[in-house]
Amino acid sequence: MMSAMPLVRRVARPLLAMIFVYGGLDALRNPAAKAPAADKVLTRLPPALPVIGTTEQLVRADAAAKVLGGTMLALGRFPRLSALGLIATLVPTTLAGHRPWEETDPVQRKLQTLQVCKNASILGGLLLATVDTEGRPSLGWRARRAGRDVQRTVAGTRAVVSARRPD
């Protein structure tokens, strides 16, 4: 019996990626609309941190990362790495664009809180995608296994060499 997971991955990854591709394309087309929100976060960073020339350039770079990461995740190409990259774009975007603690209007505060909750939910999906090995052993497991195999081979070779030595 075939598992439903391959089908779920084929559907879930594009659905999860859609928001990044759409939002990234929108930010690439109109970075000036996103720049004021990004400025709120950038002004709090230490001046020694390397920053791309202008806020609009940073918005474009972030947008390109979202489009690339979202496309790669949707296509199932390097999905764990793509999801990790999307996490790296989602957190600062959320901090810049959705600041309910700064809203005085209760309706806007509620809307911004909802957006933070939505992004937290997306973050949960991305975290799951970063640990999904598609039923194959993880790289860490394979590395540990290879290390043990090398140790066994060396021990076996020593035993053979020791057995052949004349006393």
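Residues numbered from 1 in each chain as written. Predicted model: local features only at pLDDT ≥ 70, side-chain atom pairs only at ≥ 80, totals over all residues. Heavy atoms only, no water.

(A) Examining the pattern of salt bridges more closely. For the coordinates displayed, the defined rule picks out eight salt bridges. As a salt-bridge pair, Lys34 and Asp26 come within 3.3 Å of each other at their nearest N and O atoms. For Asp26, a relative accessible area of 34% corresponds to the partly exposed category. Through salt bridges with shared partners, a single ionic network connects Arg9, Arg13, Asp132 and Glu134. (Salt bridge = Lys/Arg side-chain N within 4 Å of Asp/Glu carboxyl O. Buried < 20%, exposed > 50% of the residue type's maximum accessible area, 1.4 Å probe, protein only.)

(B) Spatial organisation of unusual backbone geometry. Despite not being glycine, Phe78 has its phi angle at roughly 50 degrees, a positive value. Relative to the assigned elements, Phe78 resides in the loop between helix H3 (55-75) and helix H4 (79-97). Residue classification places Phe78 among the exposed positions, given a relative accessible area of 59%. (Helix = DSSP H or I, 4+ residues; strand = E, 2+ residues; numbered from the N terminus.)

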